[in-house]
Amino acid sequence: MPPPPPITNTIRRLRFDHGEMTQQELADRIGMTRQTVAAIEQNKYSPSLEAAFRIAEVFGVEIGVVFQWKAADQPGR
Amino acid sequence: MTMRERVAWISVVTSLVIFGYYFASVWMDFSARTLDGDALFWRFLKCFGVAVIIMLPASMVGAYLGGEKFDPPPDELERVIEARANRVGLAVLEVAIVGVVLLSVWISDIARADFAADPAGATAIMLVNLLLFVTASAAVLREVLTIIAYRRFA
């Protein structure tokens, strides 16, 4: 299994801040399955740029608030 | 479990049971040196029909129980999973077909030695069933890889 991408996200907290939004509700609003949202939230899958923007749009925040690049963790950087 | 993973499970189990039975019966006929092309053709059609009859309602029941659509459009992760599984399945199928072609020399030798009454017919029956076997195996492999990928991301 490949190592997880060097990206963290705050989807869990953002869902909590938005009235305990469920993964299914978020999935329905961005046109994905709940399983895909769970995989993104657990950092097992990096979404496409379009999906990332859709998630940020649902929470009404900039994309950088949802996803953070951990470049310093990458070897050789 | 998504609808697509559920369909993959149904497909794998049904294929292993139904086509497992079919190919086991072909192997037994081959071992007994009693290959009957007509009987095998109708047996295959029956197995294929039974597989469809099982898979369709099972998928519909799965969709109903899960409260999902029968054939929802895939999202991006599902497309990635399917593309990977299809790529591996296709590569395996290509290699297996080349293997069947290479085996054809050995198969025609067996046909000449053990099916002297109709070696050409026996060769055709064996080759067709080998091609069916590698195609079904590649399809099952593709579904198994799909399930593994879904489990990894779950």
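*Asks:* How should I be thinking about the overall build of chain B in this particular structure?
*Replies:* Helix and strand content of chain B: 4 helices and 0 strands. Along chain B, helices and strands appear, N-terminal first, in the series α-α-α-α. By its C-alpha atoms, chain B is 55 × 30 × 20 Å across when sized along the principal axes. By the burial criterion, 20% of the 154 residues in chain B qualify as buried. Pairs at least 24 residues apart make up 80% of the contacts formed inside chain B by residues separated by at least 6 positions.

*Asks:* How should I be thinking about the environment of M60 of chain B in this particular structure?
*Replies:* All names here are of chain B. Within the secondary structure, M60 sits in helix 2 (residues 37-66). For M60, a count of 11 C-beta atoms within 10 Å puts it in the exposed group. Put simply, M60 and D71 are 11 residues apart on the chain and 9.2 Å apart in space, counted from C-alpha to C-alpha.

*Asks:* Help me understand the interface of chain B and chain A, please; the structure alone is not making it clear to me.
*Replies:* Often the size quoted for an interface is simply the accessible area lost on bringing the parts together. Contact residues are listed per partner, giving 8 residues for chain B and 12 residues for chain A. Elements represented by at least two residues in the side of chain B that touches chain A include exactly helix 3 (76-114) and helix 4 (119-153) of chain B. With 3 residues, helix 3 of chain B is the single largest residue contributor to the side of chain B that touches chain A. Of the residues assigned to the side of chain B that touches chain A, the class counts are 3 nonpolar, 1 polar and 4 charged.

*Asks:* Any chance you could explain the packing of helix 1 (residues 3-31) of chain B against helix 2 of chain B here in plain terms?
*Replies:* Angle between the axes and distance between the axes are the two parameters that describe a pair of packed helices. All names here are of chain B. Contact geometry for helix 1 and helix 2: axes closest at 9 Å, N-to-C directions at 160°. It follows from the interaxial angle that helix 1 and helix 2 lie roughly antiparallel. When the axes of helix 1 and helix 2 are compared, the crossing they make is right-handed. Class assignment of the residues belonging to the contact of helix 1 with helix 2 gives a composition of 17 nonpolar, 7 polar and 2 charged.

*Asks:* Would you mind going over the confidence of the model for chain B with me for this structure?
*Replies:* Caution is warranted with low-pLDDT regions, since their predicted coordinates should not be read in detail. Residues and elements named next belong to chain B. Averaged over every residue, the pLDDT of chain B is 91; the share at 70 or more is 100%. The secondary structure element of chain B with the lowest average pLDDT is helix 2, at 89, and the one with the highest is helix 3, at 94. Predicted complex metrics record ipTM = 0.79 and pTM = 0.83.

*Asks:* I keep staring at helix 3 of chain B and nothing clicks. Help me out?
*Replies:* One turn of the α-helix equals 3.6 residues, which is why residues spaced by three or four share an orientation. The end-to-end C-alpha distance of helix 3 of chain B, which contains 39 residues, comes to 53 Å, matching closely the 57 Å that a straight helix rising 1.5 Å per residue would cover. The largest bend along helix 3 of chain B reaches roughly 40° and is located at S104 of chain B. Within helix 3 of chain B, the full set of buried residues consists of L77, E78, I81, A85, G89 and A111 of chain B. Each element contacted by the buried residues of helix 3 of chain B is listed here: helix 3 (34-41) of chain A together with helix 1 and helix 4 of chain B.

*Asks:* Even after reading the chapter, I still don't get helix 4 of chain B, so can you show me in this structure?
*Replies:* Counted at 1.5 Å a residue, the expected span for helix 4 of chain B with its 35 residues is 51 Å, and the 51 Å between its end C-alpha atoms agrees. Taken as a whole, helix 4 of chain B has its buried residues at A122, I125, M126, N129, L130, A138, R142, E143, L145, T146, Y150 and F153 of chain B. In the core, the buried residues of helix 4 of chain B are packed alongside helix 3 of chain A together with helix 1, helix 2 and helix 3 of chain B.

*Asks:* How should I be thinking about unusual backbone geometry in this particular structure?
*Replies:* Excluding glycine, residues mostly carry a negative phi; peptide bonds, for their part, are mostly trans. All names here are of chain A. The residue E20 is not glycine, and still its phi comes out positive at about 55°. Within the secondary structure, E20 sits in the loop between helix 1 (11-17) and helix 2 (23-30). Exposure remark for E20: the 8 C-beta atoms within 10 Å place this residue in the exposed category.

Conventions adopted
- Residues numbered from 1 in each chain as written.
- Chains lettered and ligands numbered in written order.
- Predicted model: local features only at pLDDT ≥ 70, side-chain atom pairs only at ≥ 80, totals over all residues.
- Helix = DSSP H or I, 4+ residues; strand = E, 2+ residues; numbered from the N terminus.
- Buried ≥ 20, exposed ≤ 12 C-beta atoms within 10 Å, placed from the backbone.
- Contact = placed C-beta atoms within 7 Å.
- Nonpolar A, V, L, I, M, F, W, Y, C, P; charged D, E, K, R; others polar.
- Axes fitted to C-alpha atoms, helices over the stretch in contact; angles between N-to-C directions.
- Parallel < 35°, antiparallel > 145°, perpendicular 65-115°, else oblique.
- Left-handed = near helix turned anticlockwise from the far one by under 90°.
- pLDDT = per-residue confidence, 0-100.
- Expected span 1.5 Å × (residues − 1).
- Bend = angle between axes of the 7 residues up to and from the residue.

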